[in-house]
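# Fold and geometry: a report
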Amino acid sequence: NSSSINNYDQIIGIFRERRCIGREMNKFVDLLMSQRELFVEEELLHGFSKMIAFVRQTESEMTRLATSSTGMAAAGLSGNNSLSSRIDYTEVVNPNVVEALVREFSTSWKTNIEQINRNVLSYFSNFRNGMEILKQVLTQLLLYYTRFQDIIRRVWRSKPPAFCKDLVSTTAILAEIKKYALAI
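Here the structure is a predicted model, which is why all the values come from computation and not from measurement.

### Description of empty space enclosed by the protein
- Counted according to the given criterion, the structure contains 2 cavities of 30 Å³ or more.
- As a volume, the largest cavity reaches approximately 60 Å³.
- Lining the largest cavity are G47, F48, K50, M51, L101, E104, F105, S108 and N112.
- When residues of the lining of the largest cavity are traced back to their parent elements, those giving at least two are α2 (23-74) and α3 (95-123).
- For the lining of the largest cavity, the class distribution of residues is 4 nonpolar, 3 polar and 2 charged.

This is the structure in structure tokens:
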């Protein structure tokens, strides 16, 4: 995957050098972008696979639950107009699993980001391209983590569990991302 990204980046560089900007170059730009997206997801799976799987699966279950509840409301089976805000998601979320994910993330996120940085720097010969990819990976990580926090907020709206004190703030993650961005 990283070799495809390097190759596409080189091809695009040659197109730009020769001022051959057009449809053909755009095809390679599209290929580069799709390979980057695949790389980003793959890279995040090394250190954050459990959280990512949890977010994807839980969001899907929550959507299914909300859709079936909305369908009931539309059919007149519920007198509740604001049903989506009152859906009990605790049946799709195991608090022990969430607690383990919170603790795992809080103890390993910085180390995992450092590893991602090392990987990206070693995989990509073009520094600019590597830094763009690093920003993309870290941004995607922040998006997954924000979605993870949103799930926790939706499930435990009124009374957050004690493990919520161990959640890493998005401000702390942004500060760490900025450290790597400043290295550019």
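### Regarding α3
- Residue S108 marks the point of greatest curvature in α3, where the axis turns by about 55°.
- Of the positions making up α3, those classed as buried are V98, L101, V102, F105, S108, W109, N112, I113, I116, N117, N119 and V120.
- Structurally, the start of α3 carries an N-cap: the backbone nitrogen of N96 is 2.8 Å from a side-chain oxygen of N94.

### Description of the environment of I116
- Turning to its location among the elements, I116 is positioned in helix α3.
- It is 8.6 Å that separates the C-alpha atoms of I116 and G47, two residues lying 69 residues apart in sequence.
- Residues in contact with I116, not counting those within four places in the same chain, are E43, L44, F48, L134 and V137.

### Some remarks on the pattern of salt bridges
- The final tally for this structure, using the stated rule, is 12 salt bridges.
- Salt-bridge contacts for K27 lead to E24; the nearest nitrogen and oxygen are separated by 3.3 Å. Remark: E24 and K27 occur in helix α2; sequence separation between them is 3 residues, near one turn of the helix.
- For D166, the salt bridge identified is with R103, shortest N-O distance 2.1 Å. Of this pair, D166 sits in the loop between α4 (127-155) and α5 (170-182) while R103 is found in helix α3, placing the two residues 63 residues apart along the sequence.

### Let's talk about the side chain of N129
- When you line up the elements, N129 lands in helix α4.
- Look at N129 and you get buried, because its relative accessible area is 0%.
- Discounting chain neighbours no more than four positions away, the residues touching N129 are I5, N6, D9, R36 and F124.

### Let's talk about the confidence of the model for the chain
- When the pLDDT values of the chain are averaged, the result is 88; 90% of them are 70 or greater.
- Mean pLDDT in the chain bottoms out at α5, which sits at 88, and peaks at α3, which reaches 95.

### Quick word on the packing of aromatic side chains
- As enumerated under the stated definition, the model contains 11 aromatic pairs in all.
- Geometrically, the ring pair formed by F48 and F105 is tilted, given 5.6 Å between the ring centres and 45° between the ring planes. Placement of the pair is F48 in helix α2 and F105 in helix α3, with a sequence separation of 57 residues. Just as F48 is buried, F105 falls in that class too.
- Pairing W156 with F163 gives two aromatic rings, centres 5.8 Å apart and planes at 85°, and the pair type is edge-to-face.

The rules behind each value
Residues numbered from 1 in each chain as written. Predicted model: local features only at pLDDT ≥ 70, side-chain atom pairs only at ≥ 80, totals over all residues. Heavy atoms only, no water. 1 Å grid on protein atoms, 1.4 Å probe; cavity = no way out; pocket = protein on both sides within 12 Å on 5 of 7 lines; lining within 4 Å. Points joined across faces, edges and corners; volume = space filled by probe spheres on them. Helix = DSSP H or I, 4+ residues; strand = E, 2+ residues; numbered from the N terminus. Nonpolar A, V, L, I, M, F, W, Y, C, P; charged D, E, K, R; others polar. Bend = angle between axes of the 7 residues up to and from the residue. Buried < 20%, exposed > 50% of the residue type's maximum accessible area, 1.4 Å probe, protein only. Polar contact = N/O pair within 3.5 Å; in protein donor to acceptor, adjacent residues only side chain to side chain. Contact = heavy atoms within 4.5 Å. Salt bridge = Lys/Arg side-chain N within 4 Å of Asp/Glu carboxyl O. pLDDT = per-residue confidence, 0-100. Phe/Tyr/Trp six-rings, centres within 6.5 Å; stacked < 30°, edge-to-face > 60°.

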